[in-house]
Amino acid sequence: MKRRLAARIAGTVLVTAGTVAALTMPATATAPNAIPVAGTLLDAMQRDLGLTEEQALDRLQLEAAAQRTESTLRDALADSFGGAYFDAATGKLVVGVTDAARSEQVRAAGAEVRQVAFSAKQLNGVVDGLNAGKAQAPKSVTGWYASNEQNAVVVTVKPGAAAEAAQFAQAAGVPAEAVKVVESQEQPRTLMDVVGGNAYYIGSGARCSVGFAVEGGFVSAGHCGGTGDTTTEPSGTFEGSSFPGDDHSFISVGTDDSPQAAVNDYSGGTVAVAGSTEASEGASICRSGSTTGWHCGTLEAKNQSVQYEQGTVEGLTRTDVCAEPGDSGGSFISGDQAQGMTSGGSGDCTSGGTTYFQPVNEALSAYGVSLLTQ
């Protein structure tokens, strides 16, 4: 089974490992040469997640199965669905239910079941309530997100300001029992840079990273440029851009450029893009960007709202993958499934940090473009 997975990954054009460098590469006529799977995705997972090659292969198989199971149960359980997350320790998908009578249905699908107080719909409703009151959020509050594992909406706040976060949640009129306040050193910022590098450049020289190739161009972060702005390396135009609120953009390129369904792994090869099925909370995920290259980590939560200096961005996904200025717009991928484009975060790739991405499917829908796949 593991050999078949490795062969499938290598045959697609490689699966992961150095996702940084020139995200201009996928938008040029020639993609980097593919290299053996063990040198790409598996190496990065071993380095960043502390796994052996065997463990990395096992985890990829289990996560792929978890993605399918979560999608099926989300629809089947409807309002009883209490969210799901991948438990790396057991290798199983854990699914919450608000109705104990639905437990056997979850077990029959091969997942672990957990009785929870709030449905995923209710938690996302709490996030919506906080989003509606974001204008009153104090500067000490850095963000909020729905955590399936904790079955709560986590509000992150600077140390010593927990009371301010609680007051914000109360003023927003959301149920106090569904909110968990966590003090954190996070200081989210967008990750665009003005220093030259192997990526794409906007206007007078600001630098970002290509996200994913689509028909006619590529998608990236919205804060990288506004509608009508032009780019070089490759040459293109921002046909649409949204930031804050969202953080996505679509850049069209000329006919001389050939977008590729691949992500630069910054080790001399590429990772194939086969689709855009959402990974489960708790799954492994890797990021490619033009400043720090290829790094991997864990998908921690979805539906994160982040308070940047420029305004609040909603609907992001939270990870513990590191990133630095210039990585903005770069690819987040899980296995061979595109996940999103780097928005911003805190920390760096020396000490570690938290990084958020804009889900790719929302961007594809917003601009009516199709992801290029192999």
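Residues numbered from 1 in each chain as written. Predicted model: local features only at pLDDT ≥ 70, side-chain atom pairs only at ≥ 80, totals over all residues. Heavy atoms only, no water.

**Observations regarding the packing of aromatic side chains**
Cut-off, in case you're wondering: Working definition: rings of Phe, Tyr and Trp (its six-membered ring) pair if their centres are within 6.5 Å, and the pair is stacked with planes under 30 degrees apart, edge-to-face with planes over 60 apart, and tilted otherwise. In this description a helix means any DSSP run of H or I spanning at least four residues, a strand means any run of E spanning at least two, and both kinds are numbered starting from the N terminus. Burial classes: relative accessible area under 20% of the type maximum marks a residue as buried, over 50% as exposed, and values in between as partly exposed (1.4 Å probe, protein chains only).
If you walk through the whole model with that rule in mind, you get 5 aromatic pairs. Considering the side-chain rings of W144 and F168, the 5.2 Å spacing of their centres and the 50 degrees angle between planes classify their relative orientation as tilted. Linking W144 in strand β4 (residues 141-147) with F168 in helix α6 (residues 162-171), this pair joins segments that are 24 residues apart in sequence. Just as W144 is buried, F168 falls in that class too. A centroid spacing of 5.1 Å and a plane angle of 65 degrees characterise the contact between Y200 and F218, whose relative ring orientation is edge-to-face.

**Overview of the UniProt feature "active site" (unreviewed entry) in the protein**
Just so we agree on the cut-off: UniProt positions are given in the numbering used here, feature names are shortened, and annotations may be inferred rather than shown by experiment. Throughout, a residue-residue contact means that at least one pair of heavy atoms, one from each residue, lies within 4.5 Å.
Under the present numbering, the feature "active site" (unreviewed entry) in UniProt falls on H223, D247 and S328. These annotated residues cover 106 residues of sequence, and their C-alpha atoms all fall within 10.1 Å of one another, placing them together at a single site. Following the sequence through the fold, D247 ends up in the loop between β13 (236-242) and β14 (248-253). Under the relative-accessibility criterion, D247 is labelled buried at 0%. Each residue touching D247, except ones within four places of it in the same chain, is listed here: S220, A221, G222, H223, S242, V313, S343 and Q358.

**Considerations on the nonpolar core**
What counts is decided by this rule: Here, the term nonpolar core denotes a set of buried Ala, Val, Leu, Ile, Met, Phe, Trp, Tyr and Cys residues that are joined through side-chain atoms within 4.5 Å.
Core analysis: the largest hydrophobic core is formed by 26 residues, its most contacted members being M45, F212, V219, V263, V273, W294 and V360. For this core, the elements supplying multiple residues, two or more each, are α2 (41-49), α3 (53-77), β10 (212-214), β18 (293-308), β21 (337-348) and α7 (360-367). For this core, the leading source of residues is α2, giving 4 residues. Ranked by size, the runner-up nonpolar core spans 19 residues in total, among them L123, A146, A161 and A165.

**Let's talk about the environment of D320**
Put simply, the rule is: Each polar contact in these results corresponds to two N or O atoms within 3.5 Å; when the atoms are within protein, one needs to be able to donate a hydrogen and the other to accept it, and residues that are neighboring in sequence are counted only if both atoms are side-chain atoms.
Assignment of secondary structure puts D320 in the loop between β19 (311-319) and β20 (331-334). Ignoring sequence-local partners within four residues, the contact set of D320 consists of G297, T298, E300 and G353. Only 2.7 Å separates the side chain of D320 from the backbone nitrogen of T298, close enough to count as a polar contact.

**A few points about the sheet that holds strand β1 (residues 81-87)**
The line we're drawing: Strand pairing follows a simple DSSP-based rule, namely that at least 2 bridges must link the two strands. Simply put, an axis is a line fit to the C-alpha atoms, just over the touching stretch for a helix, and the angle between two N-to-C directions goes from 0 to 180 degrees.
Sheet architecture is open: 3 strands sit in the order β1-β2-β3, paired in mixed fashion. The open sheet is flanked by β1 and β3 (112-115), the only strands paired with a single partner. Neighbour-to-neighbour, the strand axes of this sheet turn through a mean angle of 25 degrees, independent of strand direction.

**Looking at the confidence of the model for the protein**
Quick reminder of the rule: Confidence of the predictor at the level of single residues is captured by pLDDT, which takes values from 0 to 100.
In this model, the protein carries a mean pLDDT of 87, and residues with pLDDT of at least 70 account for 87%. Note on residues 192-198: pLDDT is under 50 here. Beyond four places in sequence and across chains, it has 25 contacts.

**Some words on the state of the cysteines**
Simply put, disulfide is the name for a covalent bond between the sulfur atoms of two cysteines. Quick reminder of the rule: Two cysteine sulfurs form what is called a disulfide whenever their separation falls within 2.5 Å.
Scanning the entire structure with this criterion turns up 3 disulfides. Across a sulfur-sulfur distance of 2.0 Å, C208 and C224 are joined as a disulfide pair. Of note, the bridge from C208 to C224 carries an S-S torsion of about -90 degrees and is left-handed in sense. Pair noted here: C208 is in strand β9 (residues 206-208) and C224 is in the loop between β11 (217-220) and β12 (230-232), with a separation of 16 residues, a long-range link. Each member of the pair, C208 together with C224, is buried. Covalent S-S linkage joins C322 and C349, the inter-sulfur distance amounting to 2.1 Å. Between C322 and C349, the S-S torsion sits near 95 degrees, and that sign places the bridge as right-handed. In this pair, C322 is assigned in the loop between β19 and β20 and C349 in the loop between β21 and β22 (352-359), connecting sequence segments 27 residues apart. The class for C322 is buried, based on a relative accessible area of 10%. A relative accessible area of 24% places C349 in the partly exposed class.

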